[in-house]
Amino acid sequence: MIRQWLKSIRDPEVELQDRMFRLLTGIALFTLFLMILFNVVIMEHLVDTVCLAAGFIFFSAVYFISISKKRTDIGGTIIALVINLIMMPVIFLTGGGVYGGAPVWLVFCSLYVCLVVPGKRRILFLFISIAVSLISFLVAYFYPEFLPQHTLTVAFVDSLTGVIAVTLLLSLMVIFQATLYENENSRAKAQAKEIEEMNRAQSRFFSSMSHEIRTPINTIIGLDEMILREPVSEEVAEDARRIQLASKMLLSLINDILDLSKIESGKMDIVPVSYETGVMLSEIVNMIWIRARQKGLEFHIDVDPAMPSMLFGDEVRIKQILLNILNNAIKYTQKGSVTLSIQCKKLAANRVEMTYMVEDTGMGIKKESIPYLFDAFKRVDEETNRNIEGTGLGLAIVKQLLDLMGGSISVNSIYTKGTTFTVTVEQDIVDAHEVGELNLETRHSLNAYEHYKQSFEAPAARILIVDDNESNLMVASKLLRGTKVQTDTVLSGLECLKKTESCHYDVILMDHLMPEMDGIECLHAVRSQVGGLCTRTPVVALTANAGNESQTLYAKEGFDAYLVKPVNAALLEACVLKLLPRELVVFTNASEEDMAVYHLKTRHKERVPLLITTDSICDLPRELIERYHIPVLPYLVYTEQGVFMDGMEADSDGVLAYVSGRKVRNTEKGIVKNGNAHSDAPSVEAYESFFAEQLTRSQYVIHITMTSKSSSGYANACMAARSFHNVRVIDSCQLSSGTGLLVLYACSRLQSREVSIYSLVEELEVVKRRINTSFIVDTTEYLARSGRISERVSGLCRTLLLHPVISLNKGKMGLGSIRLGRRSNAWKSYIHSTLKGAPIDTSQLFITYAGLNHDELEEIRQEIERVLTFEHLYFVKASPAIAINCGPGTFGLLFIRR
């Protein structure tokens, strides 16, 4: 039985907490049994002995049941509870108190609780242990007559026995616990070593698989290229094109899997270099433009002219990221356009933040799919996209590459309307000269395969191709056949050395991984070959190992260039052309009928960093909206005659006349008679379209709505903002021009150019609580119509000439006060009580009104000037959405408190 107990403690398959429970509780039970025997020997107090015996039986039962039911956490908690609240107080009070061994056992109980009780309960039970100990000592001190008196000999023996037992017990527990932790540590180290070895094996496997798969793909693509160059039938040409497409898809999949494995194993290195931004963009355009054109899509490029001409960063990875996103955009866009926009923000004298945006008019992404967009092997909306090829790896790799570079990626998307990906990464400036307006030339064959024409001829040039695979040798030779260069082929490094000893070659194409002597060893042997004829001949590495680390390795070892298998025919010709002596080369440019030259002139649409937007119920004067360029989304006014856009197709006078029953002639609509009307916020879809449009002008949008307690505008805007990473919606907690005041404050702070987006949002949350919004209502009829008050209350107010003042408190509209008497007296009372004594910011005051004429407004202005002088008084006609709820004769005083 003891062997099984020890075996269960050492068993690594059993959780550590379970093993600790078995070890510590088992030792405690054994010690408790010895204490019972000791008490019998020294004839300890009977109650003390019976308590120990009962505890032993109870704890043993809990111990075995907890292990059999695999609930040692509950078992430990029950034992700790009984020990602390029952057993130890009884033993302390019946065992002589401080004149016995009980105090040291209290210490043991506290340690047992810390080691056995799991989680946050451990802290609770520790406080219980301390509290029980404190109470036990206080009882023993103030009521010693309740404790049995030990003789001096028994007290000494009991204390000594307790100290020895607890010391041995604690030592044993610590030793066992240390042993357990050492074993766990050893296991963890062994597992870490095993995982590291598995990662190395995985890396070797992927590297080997990449090399082995690329070799046959190189043969397939190369020979397929030769078929397409020949005058074959259209059916054969179509089959060859399909073979080429399938091969490239397989190659793309291999690259993605290899990149992902490197990133996950921590082997992906970011290699920053100096690069020309214009050249990089030209390469991207040449790769993407033809794909877009073949699909019937427009391709636009929008480049900030202030972008530095040279930057320092990982050009290869940045290009990979942009090409991946652009290819996705073309893949998921059936009609319309794809746009690459580049913004540049200077952070310091030698550092910039580059923002790359890829916009498309494709199918968009559902809101619920956006959180999973960057998960590996996850394809969103598979039902819709089932006919589009892809593995779901591309965006996962993009995200992880940007994480490695300290950059970020975000997405805005409206389902069925389009998507915008935004990539941000910081880079150092190498050359601060601005690129200005780029004029990118892209040259593409109109019928490349029917009219293939080599870019040069060099019949006097000699090239040596070294590869251990005969298929690769054949492909490289055939791809260069049109240039008329003389090619020799060898299958090993040793054969290469024999050739270079007797023949001079103008260029050597060298495979890297070969048996006996690899390409690097062969290169060094050629360079140092005594009597060799090719010691200075340019050598190009042919490799199936793609990646930045390979490029760095080959440059370090002394290769003049490197090409990745499967070898692209155009790149092979370009590389050989670059390295051949000029006197051996005869250029044969393609004729104009075979080639199309396109000039893509970049456009630049300036985007402001931040834009403040709002709804039409903000009730701002037109002059202020135009001065601050504030985009406004109209509310909708619903009448029996139709639905009208607030402030654009309907004004407050016309709506009030329609509702009140006065006939108003409209030259387009004819006669409008009285009827019912109500307003409503724009839909979620309307907000989505509005935000998407504003993000073509700005990088970030802050949209300010009226109080969420009175309209669904805030909720709808927040729902729409979920489709955009760079839209923030703020509840103004105000109505009408109260919302407008918050909008104006935000716009004025933007003009200072000293505020960040996040600090501005924090400021607005503070300022909105200082805005005073109140209205005095002439007649309560309209409040009753809109359901704000009951018809009975409305009738009572009209009978008694009561004029309610509606005010806002924490966004909720309520009755602020009531003014009595005639209209002019009520107005005067309202103006004086609102403006007198309040700490008001006198820079501006908004008087927002509905259904008032010029004389009435002048009366209000004069009364305000008698009370307080403001720098600017703005009389603003309330929007129809506001007017139909409060009725004619209503006006409000809106300002910011200091």
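Residue numbering note: each chain is counted from 1, following its sequence as written. Since the coordinates come from a predicted model, pLDDT governs what is reported: local features require at least 70, and pairs of side-chain atoms require 80 or more to be given and counted, while whole-chain, interface and lining totals use all residues. Hydrogen atoms and water are omitted, and side-chain values are computed over all heavy atoms in the structure.

Novice: Residues and numbers for the overall build of the protein, please.
Specialist: Secondary structure elements follow DSSP: runs of H or I no shorter than four residues count as helices, runs of E no shorter than two count as strands, and numbering proceeds from the N terminus. Scanning the protein for helices and strands turns up 28 helices and 31 strands. Summary of the burial criterion: residues with accessible area below 20% of their type's maximum are buried, those above 50% are exposed, and those between are partly exposed, where the area comes from a 1.4 Å probe applied to protein chains only. Considering the protein as a whole, with its 898 residues, one finds that 48% of them fall into the buried category. Only heavy atoms matter for contacts: two residues are in contact if any of them lie within 4.5 Å across the pair. Restricting to contacts in the protein with at least 6 residues of sequence separation, those with at least 24 account for 75%. Approximately 44400 Å² of the protein is accessible, and the part contributed by carbon and sulfur atoms is 57%. Each accessible area is a Shrake-Rupley result for a 1.4 Å probe, and residues are judged covered by the shown protein chains and nothing else.

Novice: Give a description of the packing of aromatic side chains that names residues and reports values.
Specialist: Here the aromatic set is Phe, Tyr and Trp, taking the six-membered ring for Trp, and pairing holds for ring centres within 6.5 Å; pairs whose planes are under 30 degrees apart are stacked, those over 60 apart are edge-to-face, and all others are tilted. Summed over all chains, the structure comprises 9 aromatic pairs. Residues F846 and Y874 carry aromatic rings whose centres are separated by 5.1 Å and whose planes lie at 25 degrees to one another, so their mutual orientation is stacked. Taken as a pair, F846 in strand β29 (residues 844-850) and Y874 in strand β30 (residues 872-877) lie far apart in primary sequence, 28 residues in all. Accessibility assignment for this pair places F846 and Y874 in one class, buried. Here the aromatic cluster, defined as three or more aromatic residues joined through ring pairs, consists of Y687, F690, F691 and F724.

Novice: So, the nonpolar core: which residues are in play, and what are the values?
Specialist: The biggest cluster of nonpolar side chains holds 51 residues, and the ones touching the most others in it are F299, I325, L340, M354, Y356 and F421. The definition of a nonpolar core used throughout is a set of buried Ala, Val, Leu, Ile, Met, Phe, Trp, Tyr and Cys residues joined through side-chain atoms within 4.5 Å. Counting residues in hydrophobic clusters, the runner-up holds 36 residues, among them V82, F108, V116 and L180.

Novice: Could you give an account of unusual backbone geometry, with specific residues and numbers?
Specialist: Phi is positive for K484, which is not a glycine, with a value near 65 degrees. Inspection of the secondary structure puts K484 in the loop between α13 (470-479) and β11 (486-490). At H629, a residue that is not glycine, the phi angle is positive and equals roughly 55 degrees. Relative to the assigned elements, H629 resides in the loop between α18 (622-627) and β18 (632-633). Overall, H629 belongs to the exposed group, its relative accessible area being 54%.

Novice: Could you give an account of the sheet that holds strand β28 (residues 812-820), naming the residues involved and the relevant values?
Specialist: In this description, strands pair whenever DSSP reports at least two bridges between them. With respect to topology, 6 strands assemble into an open sheet ordered β28-β27-β26-β31-β29-β30, the strand pairing being mixed. Looking at which strands have only one partner, the edges of the open sheet turn out to be β28 and β30. Across the sheet, the mean angle separating the axes of adjacent strands is 20 degrees when strand polarity is ignored. Alignment of strand β26 (residues 771-776) against strand β31 (residues 890-896), held across 6 bridges, turns out to be antiparallel. Note that in β31 the partner of N772 across the bridge is F895. Inter-axis angles, ranging from 0 to 180 degrees, are taken between N-to-C directions of lines fitted to C-alpha atoms, where helices are fitted over the stretch in contact. Relative to the sheet, helix α26 (residues 823-835) contacts β26, β27 (802-809), β28 and β31, its axis offset from that of β31 by approximately 10 degrees. Strands in contact with helix α27 (residues 854-867) are β29, β30 and β31; relative to β30, the strand with the most contacts, it is inclined by about 150 degrees.

Novice: Could you give an account of the sheet that holds strand β10 (residues 462-466), naming the residues involved and the relevant values?
Specialist: Pairing is parallel in the open sheet, where 5 strands are placed in the order β11-β10-β12-β13-β14. The sheet is open, and its two edges are formed by β11 and β14 (561-564), each paired on a single side. Across the sheet, the mean angle separating the axes of adjacent strands is 20 degrees when strand polarity is ignored. With 4 bridges connecting them, strand β12 (residues 507-511) and strand β13 (residues 539-543) associate as parallel partners.

Novice: Break down the packing of helix α14 (residues 493-502) against helix α15 (residues 519-527) for me, citing the residues and quoting the values.
Specialist: Between α14 and α15, whose axes approach to 10 Å, the crossing angle comes to 20 degrees. With respect to their mutual orientation, α14 and α15 come out roughly parallel. Along this stretch, α14 crosses α15, giving a crossing that reads as right-handed. Contact with α14, carried on its side by G493, C496, L497 and T500, involves C522, A525 and V526 of α15 and no other residues of that element. In this count, Pro and Cys sit with the nonpolar residues alongside Ala, Val, Leu, Ile, Met, Phe, Trp and Tyr, while Asp, Glu, Lys and Arg are called charged and the others, Gly among them, polar. Counted by class, the contact of α14 with α15 contains 5 nonpolar, 2 polar and no charged residues. Note on terminology: angles under 35 degrees are roughly parallel, angles over 145 are roughly antiparallel, angles of 65 to 115 are roughly perpendicular, and the others are oblique. Note on convention: near helix rotated counterclockwise from far helix by under a right angle means a left-handed crossing. Clockwise means right-handed.

Novice: Could you give an account of the packing of α26 against α27, naming the residues involved and the relevant values?
Specialist: In the contact formed by α26 and α27, the axes pass within 10 Å of each other and the chain directions differ by 35 degrees. Considering how the two elements wind past one another, α26 and α27 form a crossing that is right-handed. Contacts from R823, S824, W827, K828, I831, H832 and L835 of α26 reach α27 at E856, E859, I860, E863, I864 and V867. For the contact of α26 with α27, the class distribution of residues is 6 nonpolar, 2 polar and 5 charged.

Novice: Give me the confidence of the model for the protein: which residues, what numbers.
Specialist: Counting all residues, the mean pLDDT for the protein is 80, and 85% of those residues have values of 70 or more. Note: pLDDT gives the predictor's confidence per residue, expressed from 0 to 100. When the elements of the protein are averaged for pLDDT, strand β22 (residues 670-672) gives the smallest value, 34, and β10 the largest, 95. A low-confidence stretch, residues 441-451 (pLDDT under 50), is modelled with 35 contacts involving residues beyond four sequence positions or located in other chains.

Novice: With reference to specific residues and values, describe a nonpolar patch on the surface.
Specialist: A cluster of nonpolar side chains, contributed by L134, L138, Y141, F142, Y143 and F146, occupies part of the molecular surface with about 740 Å² of accessible area. Following the sequence through the fold, L134 ends up in helix α6 (residues 121-142). Only residues whose relative accessible area exceeds 30% and that form no salt bridge are eligible for patches; like-charged ones are grouped when within 9 Å, while nonpolar side chains (Val, Leu, Ile, Met, Phe, Trp, Tyr) are grouped when within 5 Å. Salt bridges are counted wherever a side-chain nitrogen of Lys or Arg sits within 4 Å of a carboxyl oxygen of Asp or Glu.

Novice: Pulling in residues and values, what's your account of the environment of L297?
Specialist: The residue L297 is located in the loop between α9 (277-294) and β2 (298-303) in this model. Remark: the alpha-carbon pair of L297 and I330, spanning 33 residues in sequence, is separated by 7.9 Å. What L297 contacts, discounting residues up to four positions off in sequence, is A292, I330, T333, Q334, K335, G336 and V338.

Novice: Talk me through the environment of I776; I want residue IDs and the actual numbers.
Specialist: Position of I776 relative to the elements: it lies in strand β26. The sequence separation of I776 and S807 amounts to 31 residues, and the corresponding C-alpha distance is 8.8 Å. For I776, the residues in contact, after removing those within four places along its chain, are H803, P804, V805, R819, A826, W827, Y830, G889, T890 and F891.

Novice: So what's going on with the pattern of salt bridges? Residues and values would help.
Specialist: Using the criterion set out here, one finds 16 salt bridges in the structure. The salt bridge partner of R351 is E426, with a shortest N-O separation of 3.1 Å. In this pair, R351 is assigned in strand β5 (residues 351-360) and E426 in strand β7 (residues 418-434), connecting sequence segments 75 residues apart. Between K565 and D511 there is a salt bridge, and its shortest N-O distance comes to 3.1 Å. One end of the pair, K565, is in the loop between β14 and α17 (569-579); the other, D511, is in strand β12, and 54 residues separate them in sequence. You can call K565 buried: its relative accessible area is 2%. Its relative accessible area of 1% is what places D511 among the buried residues. Put simply, R351, E426 and D428 are held in one network by salt bridges that share partners.

Novice: Tell me what's going on with the side chain of Q529, and back it up with residues and numbers.
Specialist: Among the secondary structure elements, Q529 is positioned in the loop between α15 and β13. On the accessibility criterion, Q529 (15% relative accessible area) is buried.

Novice: Describe helix α10 (residues 315-331), with residues and values.
Specialist: Multiply 1.5 Å by the residue count of a helix minus one, and that product is the helix's expected span. Compared with the 24 Å implied by 1.5 Å per residue over 17 residues, the 24 Å span of α10 between its first and last C-alpha is a close match. In terms of residue burial, α10 counts as a mostly covered element, since 15 of its 17 residues are buried.

Novice: How would you sum up the pairing of strand β25 (residues 727-731)? Please name residues and give values.
Specialist: Among the 5 residues of β25, 4 are classified as buried, and the element is accordingly described as predominantly covered. Here 5 bridges tie strand β24 (residues 701-705) to β25, and the two strands are oriented parallel to one another. Looking across to β25, one finds that I702 is bridged to R728. For the crossover that starts at β24, traverses helix α21 (residues 713-721) and ends in the parallel β25, the hand is right-handed. When the strands point away from the viewer, a crossover counts as right-handed if the route from the first strand across the helix to the second turns clockwise.

Novice: Explain the environment of G75 residue by residue, including any values.
Specialist: Relative to the elements of secondary structure, G75 occurs in helix α4 (residues 72-94). Aside from chain neighbours lying at most four places away, what touches G75 is F21, V62 and S66.

Novice: Now, about the state of the cysteines: what can you tell me, with residues and values included?
Specialist: In this description, the term disulfide denotes a pair of cysteine sulfurs within 2.5 Å. Tallying each qualifying case throughout the model produces 0 disulfides. As a non-bridged cysteine, C534 has C496 as the owner of its nearest cysteine sulfur, 7.7 Å distant.

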